[in-house]
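# Reading the structure
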Amino acid sequence: MARFYLCGSCTKNFSLNDAQDGYKLGLKQGFLCPFCHTNLIESSESDDISQLKLGYTYVITLCVTMYMLLEYWDEWAFLPMVVGLISIFTIITIPFAWINRSALFGDKVVHTKRLR
Ligand SMILES: [Zn+2]
């Protein structure tokens, strides 16, 4: 699984090794795109929850499900509760992981933004 930078200026991909060290060039922060030489800093990664398809929906669904299960905690014995929790989290997580499989299990893209 490789890691790539996605230039926030020219939108080209380049490897982390190809990023030009800004410190050696007198820049205080970040690095340069090897194609357009824009001064960049990292902004987010392809597997951040904000970058995944339905990322926030997944988090909200988990929270709501957890809240609903805890509401009925007293009516459930401990073991069925744990089995129920694991089952529901698995049922929610498998389709989420499937639609995001390339971001989660493939090459990681590090998004960047212009420093100025
Ligand atoms: Zn660029």
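Residues numbered from 1 in each chain as written. Predicted model: local features only at pLDDT ≥ 70, side-chain atom pairs only at ≥ 80, totals over all residues.

Turning to the pairing of strand β1 (residues 3-6), a few remarks are in order. One ladder, built from four bridges, connects β1 with strand β6 (residues 108-114); its direction is parallel. Within β6, the position partnered with Tyr-5 by the bridge is Val-110. Pairing of β1 with strand β2 (residues 13-15), which is carried by three bridges, proceeds in the antiparallel orientation. Its bridge partner lying in β2, Leu-6 is registered against Asn-13. (Pairing = 2+ DSSP bridges. Helix = DSSP H or I, 4+ residues; strand = E, 2+ residues; numbered from the N terminus.)

Taken in spatial order, the six strands of this open sheet run β2-β1-β6-β5-β4-β3, and their pairing is mixed. Either end of the sheet is taken by a strand with one partner, and the two such strands are β2 and β3 (20-21).

A few words on the confidence of the model for the chain. Residue-level pLDDT values for the chain average 91, and 100% of them are 70 or greater. Looking over the chain, one finds the lowest element-wise mean pLDDT in β3, namely 90, and the highest in β2, namely 96. (pLDDT = per-residue confidence, 0-100.)

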